[in-house]
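Residue-level structure breakdown
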Amino acid sequence: MAEIALHGTEHGHPSGITRWLFSTNHKDIGTLYLLFSLTMFFVGGTFAMVIRAELFKPGLQFVDALTFNQMTTMHALVMIFGAVMPAFVGLANWMIPLMIGAPDMALPRLNNWSFWILPFAFTLLLSTLFMPGGGPAGGWTMYPPLFLQTGMAFPFVIFAIHLMGISSVMGAINVITTVFNMRAPGMVFRKLPMFVWTWLITAFLLIAAMPVLAGAVTMLLTDKYFGTSFFNAAGGGDPVMFQHVFWFFGHPEVYIMILPAFGIVSQIVPTFARKPLFGYTSMIYAVGAIAILSFIVWGHHMFTVGMPLAGELFFMYSTILIAVPTGVKVFNWVATMWRGSLTFETPMLWALSFIVLFSIGGFSGLMLGLAPVDFQYQDTYFVVAHFHYVLVTGAVFAIVGGIHYWLPKWTGRMYDERLGKLHFWLSVISVNLLFFPQHFLGLAGMPRRVADYAVQYTEWNMMSSIGGFIFGASQLLFLYNVIRTIRGSGAKASDQVWEGAHGLEWTLPSPPPYHSFTTAPEVK
Amino acid sequence: MTTPANNRRLAWKLAFFAMAMIGFGYLLVPLYQVYCTRTGFNGTTGRIDYGDAVKRKVDTARWVTVEFVANVSGNLPWEFHPEVVRLKVHPGDLVLTRFHARNLGNAAIVGQAIPNVTPGEAAPYFHKIECFCFSQQPLAPGEGKDLPLQFQVDPQLPTTIGTLTLSYTFFEAPGVRADRRPAGDAARG
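Residues numbered from 1 in each chain as written. Chains lettered and ligands numbered in written order. Predicted model: local features only at pLDDT ≥ 70, side-chain atom pairs only at ≥ 80, totals over all residues. Heavy atoms only, no water.

1. Quick look at the interface of chain A and chain B
Put simply, the rule is: In this analysis, two residues are considered to be in contact whenever any of their non-hydrogen atoms come within 4.5 Å of each other. Buried area, as used here, totals the accessible surface that two parts lose on assembly, with accessibility defined by a 1.4 Å probe and the loss added over both. We define a salt bridge as a side-chain nitrogen of Lys or Arg found within 4 Å of a carboxyl oxygen belonging to Asp or Glu. We define a polar contact as two N or O atoms separated by no more than 3.5 Å, with the added condition that, inside protein, one atom must be a possible hydrogen donor and the other a possible acceptor, whereas residues neighbouring each other in sequence contribute only through side-chain atom pairs. Only DSSP runs of H or I covering at least 4 residues are called helices, and only runs of E covering at least 2 are called strands; the numbering of each starts at the N terminus. Residue type decides the class: Asp, Glu, Lys and Arg count as charged, Ala, Val, Leu, Ile, Met, Phe, Trp, Tyr, Cys and Pro as nonpolar, and the leftover types, Gly among them, as polar.
Counting from both sides, the interface comprises 41 residues of chain A and, opposite them, 29 residues of chain B. Carbon and sulfur atoms make up 72% of the area that chain A and chain B hide from each other, which totals about 3,000 Å². Sorting the residues of chain A by area buried against chain B places A:Ile207, A:Ala234 and A:Met241 first, and these three jointly supply 16% of that buried surface. Joining chain A to chain B, the criterion identifies 0 salt bridges. Summed over the shared surface of chain A and chain B, the number is 4 residue pairs in polar contact (both at pLDDT 80 or more). Counting only elements with at least two residues in the side of chain A that touches chain B, the list comes to helix H1 (2-10), helix H5 (108-127), helix H6 (153-181), helix H7 (194-225) and helix H8 (239-256) of chain A. Here the side of chain A that touches chain B gets 8 residues from one element, more than from any other, and that element is H7(A). The class makeup of the residues in the side of chain A that touches chain B is 26 nonpolar, 12 polar and 3 charged.

2. Things to note about the sheet that holds strand S6 (residues 109-118) of chain B
Residue and element names in this part refer to chain B. Put simply, the rule is: By the convention used here, strands pair only if DSSP detects at least 2 bridges between them. Comment: axis = line fitted to C-alpha atoms, over the contacting stretch for helices; angle = value between 0 and 180 degrees taken between N-to-C directions.
Overall, mixed pairing links the 5 strands, which are arranged S4-S2-S10-S6-S8 in an open sheet. Lying at the two open borders of the sheet, with one neighbouring strand each, are strand S4 (86-89) and strand S8 (137-139). On average, adjacent strands in this sheet sit at an angle of 30° to one another, irrespective of strand direction. Of the pairings in the sheet, the one linking S6 to strand S10 (residues 163-172) comprises 8 bridges and is antiparallel in character. What sits directly across from Asn116, in S10, is Ser167.

3. Description of the domain arrangement of chain B
Formally: Where each domain starts and ends comes from a domain assignment, either automatic or drawn from a database.
Splitting chain B by domain gives domain 1 (1-39) and domain 2 (44-180). Once you take the C-alpha centre of each, domain 1 of chain B and domain 2 of chain B turn out to be 40 Å apart.

4. Digging into the pattern of salt bridges
Residue and element names in this part refer to chain A. Inclusion rule: Throughout this description, buried means an accessible area under 20% of the type-specific maximum (1.4 Å probe, protein chains only), exposed means over 50%, and partly exposed covers the range between.
Applying the stated criterion across every chain yields a total of 6 salt bridges over all chains. The salt bridge involving Arg448 is made with Asp379; its shortest N-O contact spans 4.0 Å. Here Arg448 is found in the loop between helix H16 (417-443) and helix H17 (458-486), whereas its partner Asp379 is found in the loop between helix H14 (371-377) and helix H15 (381-411), with 69 residues between them in sequence. Judged by its relative accessible area of 39%, Asp379 is partly exposed. The residue Lys421 makes a salt bridge to Glu417 at a minimum N-O spacing of 3.2 Å. Here the residue Lys421 and the residue Glu417 both occupy positions in helix H16, the gap between them amounting to 4 residues, near one helical turn. Lys421 sits in the partly exposed class, given a relative accessible area of 29%. In this structure Glu417 comes out as partly exposed when scored by relative accessible area, which is 23%.

5. Observations concerning the confidence of the model for chain B
All names here are of chain B. Note the cut-off: What pLDDT reports is the predictor's confidence in each residue, on a scale of 0 through 100.
Predicted confidence across chain B gives a mean pLDDT of 83, with 88% of residues reaching 70 or more. In the predicted structure, residues 179-189 sits below a pLDDT of 50 and forms 23 contacts with residues beyond four places in sequence or in another chain. As scored by the predictor, the complex reaches a pTM of 0.88 and an ipTM of 0.84.

6. Brief notes about the packing of helix H4 (residues 65-100) of chain A against H6(A)
Residue and element names in this part refer to chain A. So the rule is basically this: Relative orientations are named as follows: roughly parallel for angles under 35 degrees, roughly antiparallel for angles over 145 degrees, roughly perpendicular for angles from 65 to 115 degrees, and oblique for any other angle. By convention the crossing between two helices is left-handed if the near helix lies anticlockwise of the far one by an angle smaller than a right angle, and right-handed if it lies clockwise.
Packing of H4 against H6 brings their axes to within 11 Å, and their N-to-C directions diverge by 15°. With respect to their mutual orientation, H4 and H6 come out roughly parallel. As H4 packs across H6, the resulting crossing turns out to be left-handed. Across from Leu77, Phe81, Met85, Ala92, Ile96 and Ile100 in H4, the residues of H6 making contact are Val157, Ile161, Met164, Ser168, Val175, Thr178 and Val179. Along the lines of polarity and charge, the residues of the contact of H4 with H6 split into 11 nonpolar, 2 polar and no charged.

7. Let's talk about unusual backbone geometry
The step from A:Pro144 to A:Pro145 runs through a cis peptide bond, and the omega angle for that step is 0°. In this structure, A:Pro145 sits in the loop between H5 and H6. The linkage connecting B:Thr118 with the following residue, B:Pro119, adopts the cis geometry, with an omega of -5°. Within the secondary structure layout, B:Pro119 lies in the loop between S6 and strand S7 (126-131). Unusually for a residue other than glycine, A:Arg339 sits at a positive phi of about 60°. When its relative accessible area of 76% is taken as the criterion, A:Arg339 is described as exposed.

8. Here's the deal with the packing of aromatic side chains
Selection criterion: Note on ring pairs: Phe, Tyr and Trp rings are taken, using the six-membered ring of Trp, and paired if centres are within 6.5 Å. Classes follow the plane angle, with under 30 degrees stacked, over 60 edge-to-face and the rest tilted. For a Lys NZ or an Arg CZ to count as sitting over a ring, it must be within 6 Å of the ring centre and within 35 degrees of the ring normal.
Evaluated as defined, the whole model comprises 56 aromatic pairs over all chains. Their ring planes at 50° and their centres at 5.3 Å tell us that A:Tyr405 and A:Trp406 sit as a pair that is tilted. With a relative accessible area of 1%, A:Tyr405 lands in the buried category. With a centroid separation of 6.0 Å and 65° between ring planes, the pair formed by B:Phe68 and B:Phe151 is classed as edge-to-face. Of this pair, B:Phe68 sits in strand S2 (residues 64-72) while B:Phe151 sits in strand S9 (residues 144-153), placing them 83 residues apart in sequence. The same class applies to B:Phe68 and to B:Phe151, which are both buried. Three or more aromatic residues joined by ring pairs make a cluster, and in this case those are A:Trp140, A:Tyr143, A:Phe230, A:Phe231, A:Phe242, A:Phe246, A:Trp247, A:Phe249 and B:Tyr26. Its end group placed over the ring of A:Phe189, A:Arg183 keeps NZ or CZ at 4.1 Å from the ring centre. One cation-aromatic arrangement involves A:Lys224 over A:Phe154; the distance from NZ or CZ to the ring centre is 5.4 Å.

Structure, rendered in structure tokens:
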């Protein structure tokens, strides 16, 4: 630690392009991650707009079915691996050292590398759209034998996923090492801010789950090109086994995308309720319990493959069990607000809507977790509605809330509160218009991943598309608000920024110096 | 800038753990195979010796219906069907039946049949003594073949199950060129 601190005091920071290319500074890398994520959010959003435009009415209007399937596949891959996960890693890079009183991340060069892999990974992935035969169209879940029919794009997709996996595992290693070894004196584990706790547990999930995905896609690769038969029935393999291996990764993955969101909300709610977080210890145990359970529930993604009754029951009960720690968390957030002196600045609005809308996604998750009814919901728009409620109004809302919450700290300037509120209200209304009707479509039997549909689904699809267009367009307000704050318009932010904010990060100036905590702070 | 030794040590430990998880991903493959054969999960059927099969007593008081389904995978130009679609058997009987396959294409092809029993709970009680799926089946253009199957339904079959469906799907054997491969080798369980 001493050596890193010394380095910081002796040199000024590099400027120009090399500052970003060779950066080992946690704030610069955090910024890079967040900008990358924002770019990918708009790229993936563009794919979503194509999907919603095509589904506006029955029949094929804008794209053919193959292009449509490429859009759904790419939308998922880009949003999951390009937008949500890098956004969380960016927030971790920025905030974890500030929150635990460390001068930087523990492994700064690894940090640089784990970011700069990502642009290459996404160049590989996005370039497939321009290849003969097009990009991957078999769904982000990559089930064989369908996904093995992908043309030239296939090896590009596999290697892009390898790179994304390497990047996030390296990021996770960095987070764990930082939290274990770089805490300021007195910053014991039971004083860690909730965001750090949730990220620490997420990092362990990443290290355990991402390599399994790497293994699964490598098996796909060797099945296609090297004559192995992992998933080829003719050679003694089993395509259903892919689903087991994939979802053994896939279910922890969905918690990787929500646990840091829990952390962000657990930072925002106490600030604007002006009360300490209710049930801090139970929050930690709840996150831990969710993380452990996430490794034994993968079968609920595949209730209909023909499982023995005992398997269905095991996966059903263990899935429903996850509602208990999740309920503890929601209860604690509500209890934190109970009799607090609440104010409703933009970050708080996002956090509140997170609590309500994520819970709706959780409830539809419970419905899907019941094996007998899942036979009806499987592969319908009900599933699409469910996971967009937990991922968009869950993960993305928490990220957007977190960005409004910490942006004044990062830039030293307040964002435009009126614009922030306008963006919030437009988003929260349109996102419900976008995804709520999809519940009804699913219950009525509309299958997911279809470019065309029967006429009785028209009205709900039109509403959903209109909601989608408004939601997509209102994100431009967010982009504008962020850019003008970065460029220095807006009132100067104080060090504490928010009246009710507590923690080491709020003791530093806004913006914090390039090298913060060169002498370890005192933690009381 | 050097990284303190304890950071590096922890990072390597975590990296090792990540590598081990790749290994675990691959370990899931044999684990899954063992699990399927033990439990009949996914309709995996078992193979037994004639000697073991004759030792089982025939339960003449009970009838079980066995249905046969024959499929051909998408790109294989074969015709394939069972001789009888449905048989009533006593549990413990040694039953012999036949399927027919014919190559309708103009090139020799080696096929491999993959069995599956529905419902999955019945799969561990369905024993094959002799089956054309144990080996690869080469067919010359236009050639037809009788494919025998000898099986036994275990007398232990739960009484709740009255009907089993045995389905075969013929695939082109992966990585085998028909013109280079003589008949009958590369046996498979």
